[in-house]
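# Residue-level structural notes
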Amino acid sequence: MEAEHSSMMLPNKQVVFKNYVEGYPKESDFELRSTMISSQIPQDSNGLFVKNLYLGCDPYMRHKMSPHESKDVSLLTSFKPGSVITGLGVAKIIKSANADFEEGDYIWGMTGWEDYSLILNSDGLFKIKYTDVPLSYYAGILGMPGLAAYIGFYNVCSAKEGDIVYVSSAAGGVGQLVGQFAKMKGCYVVGSASTDEKVDLLKSELGFDDAFNYKEGTDFAGALKRHFPKGIDVYFENVGGSMLDEVLLHMNLYGRITVSGMISQYNLKKPDGIHNLFCLITKRLRMEGFSELDFRHKVPEYLEFVIQLIREKKLVFVEDIAEGLENAASAFVGIYHGRNVGKQIIQVSTD
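Read on for an overview of the structure. (Residues numbered from 1 in each chain as written. Predicted model: local features only at pLDDT ≥ 70, side-chain atom pairs only at ≥ 80, totals over all residues. Heavy atoms only, no water.)

### Description of helix α3 (residues 196–204)
Definition in use: Whether a residue is buried, partly exposed or exposed follows from its accessible area with a 1.4 Å probe, protein chains only, as a fraction of its type maximum: under 20%, in between, or over 50%, in that order. Only DSSP runs of H or I covering at least 4 residues are called helices, and only runs of E covering at least 2 are called strands; the numbering of each starts at the N terminus. As used here, the arc is the angular range of directions from the helix axis to the C-beta atoms. Contacts: residue pairs with any heavy atoms within 4.5 Å of one another.
Taken together, the buried positions of α3 are Lys-198, Val-199, Leu-201 and Leu-202. When α3 is viewed along its axis, its buried side chains cluster within an angular range of 160° and face the same direction. More than 90 degrees from the buried face of α3, the exposed residues found are Glu-197 and Ser-204. The secondary structure elements touched by the buried residues of α3 are β9 (188–193) and β10 (210–213).

And the structure:
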């Protein structure tokens, strides 16, 4: 903790949210702004002044680009037009007025899409303990996406050895880990992705038993029949819409559906309806959504579990890293069109 709050002015590039978005986000919805920032931390605060290193492009952020009036979406408070985009990222502390953090510490948590940020609320920030792995991992496998995969699979799926598991958006930051966790559990795992390149990745590098391109052809029902001749016991849902509707028909008796995301719905003005929910009754299915925010207390447990797997090379994590804030808008927009291969991350600085 630094005793004095002396300041200096630093040049600061920022990615600014221009206005509320309708439909798919576009690069023109963002503005790259060059400004100056003071490193001074306000008196009587527990603030931190940080240098941002890596930023995560997380699909949930699309919700924050639309105005919300309902309290039901309090977890997704809207961005304010003209403000700097905020999201989960990795940073190095330059100055600290907080007894829990010291100058030189690395942290992950909520920060700004800019070179430097002044963080006045340290709730939800985690000091990085392990630095023998890439720091970018804390925007992916060792951060929110990793925790979501861990909680979703081990706490919600109730998967058991021999289960047939289907993972949608399986090459993304969450899906690629769920598939590997399921294999460790002794499950038969099939993933779907939006390109042949991603399908090859799932089978050749990530250890999935099978995978298919769900955008190839128009017969998704036929693809499910081919890849799941014995039905599906566990579905890890990342897509939603018509995919979920069809999967319901292919679930086995007493199957479980874990709802982590629904990326196909995020850019629609009117979400797709689901017509086959009666299957929940006839097949005695359990479908449950979750938010990793409710499980942040499990971060230490998760890190102890996963860090050893990484070190022993028993777990693979694929990243797609865009360099520079000037490429942030393009990287973010690309995740809704399937352009990323692996977890999309923006590298702001190496240190």
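### A word on the nonpolar core
Keep this limit in mind: As used in this record, nonpolar core signifies buried Ala, Val, Leu, Ile, Met, Phe, Trp, Tyr and Cys residues forming a set joined through side-chain atoms within 4.5 Å. Where each domain starts and ends follows an automatic or database-derived domain assignment.
Counting residues in hydrophobic clusters, the biggest one holds 60 residues, and the most contacted among them are Ile-141, Leu-142 and Tyr-302. For this core, the element with the most residues is helix α1 (residues 144–157), which contributes nine residues. Composition of this core by domain shows at least three residues from each of domain 1 (9–140 + 318–347) and domain 2 (144–293). Beyond its immediate chain neighbours, meaning those up to four positions away, Tyr-302 contacts Ile-141, Leu-142, Gly-146, Leu-147, Tyr-150, Leu-177 and Phe-181. Listed in part, the 23 residues of the second largest apolar core include Val-21, Met-61, Ala-322 and Ala-328.

### Section: the sheet that holds strand β11 (residues 232–237)
How we decide: A pair of strands counts as paired when DSSP detects no fewer than two bridges linking them. Every axis corresponds to a line fitted to the C-alpha atoms, with the helix fit spanning only the stretch in contact, and the corresponding angles, defined between N-to-C directions, vary from 0 to 180 degrees.
If you walk across this open sheet you meet the six strands as β10-β9-β8-β11-β12-β13, and the pairing is parallel. Whereas interior strands pair on both sides, the edge strands pair on one side only; in this sheet they are β10 and β13 (286–289). Strand-to-strand twist across the sheet, computed as the mean angle between neighbouring axes with direction ignored, equals 15°. The strands touched by helix α5 (residues 242–250) are β8 (164–167), β9, β11, β12 (251–259) and β13; relative to β12, the strand with the most contacts, the crossing angle is about 150°.

### Considerations on the pairing of β11
Rules: Orient the strands so they point away from the viewer; a crossover is then right-handed if the path from the first strand over the helix to the second runs clockwise.
Of all six residues in β11, six are buried, a share of seventy percent or more. Where β8 and β11 come together, three bridges link them in parallel fashion. Of the residues in β11, the one forming a bridge with Val-165 is Val-234. Pairing geometry for β11 and β12, over five bridges, is parallel. Paired with Phe-236 across the two strands is Thr-258, which belongs to β12. With α5 bridging β11 and its parallel neighbour β12, the resulting β-α-β unit is right-handed.

### Concerning the side chain of Ser-168
We apply this condition: The term polar contact refers here to a pair of N or O atoms within 3.5 Å; inside protein, the definition further demands a hydrogen-donor-capable atom paired with an acceptor-capable atom, and it admits residues adjacent in sequence only when both atoms are side-chain atoms.
Tracing the sequence through the fold places Ser-168 in the loop between β8 and α2 (175–184). Only 3.1 Å separates the side chain of Ser-168 from the side chain of Tyr-235, close enough to count as a polar contact. When residues no more than four places from it in sequence are discounted, the contact partners of Ser-168 are Ser-192, Tyr-235, Phe-236, Glu-237, Asn-238, Val-239 and Met-243.

### Focus: the pattern of salt bridges
Test applied: Salt bridges are defined by distance alone: a side-chain nitrogen of Lys or Arg within 4 Å of a carboxyl oxygen of Asp or Glu.
Applying the stated criterion to the full structure yields 13 salt bridges. When the shortest N-O distance is used, the salt bridge between Asp-58 and Lys-343 registers 2.4 Å. Placement of Asp-58 in the loop between β3 (48–56) and β4 (86–96) and of Lys-343 in strand β15 (residues 343–347) is noted, with a sequence separation of 285 residues between them. A single network of salt bridges, built from pairs that share partners, joins Lys-160, Asp-163 and Arg-256.

### Digging into the packing of aromatic side chains
Convention followed: Aromatic pairs are defined between Phe, Tyr and Trp rings, using the six-membered ring for Trp, whenever the two ring centres lie within 6.5 Å; interplanar angles under 30 degrees are classed as stacked, those over 60 as edge-to-face, and all others as tilted.
The full count for this structure, using the stated rule, is 19 aromatic pairs. Ring centres 5.8 Å apart and planes at 70° place the aromatic pair Phe-30 and Phe-332 in the edge-to-face group. Taken together, the residues span a long stretch of sequence, with Phe-30 in strand β2 (residues 30–38) and Phe-332 in helix α8 (residues 328–334) at a distance of 302 residues. A relative accessible area of 8% places Phe-30 in the buried class.

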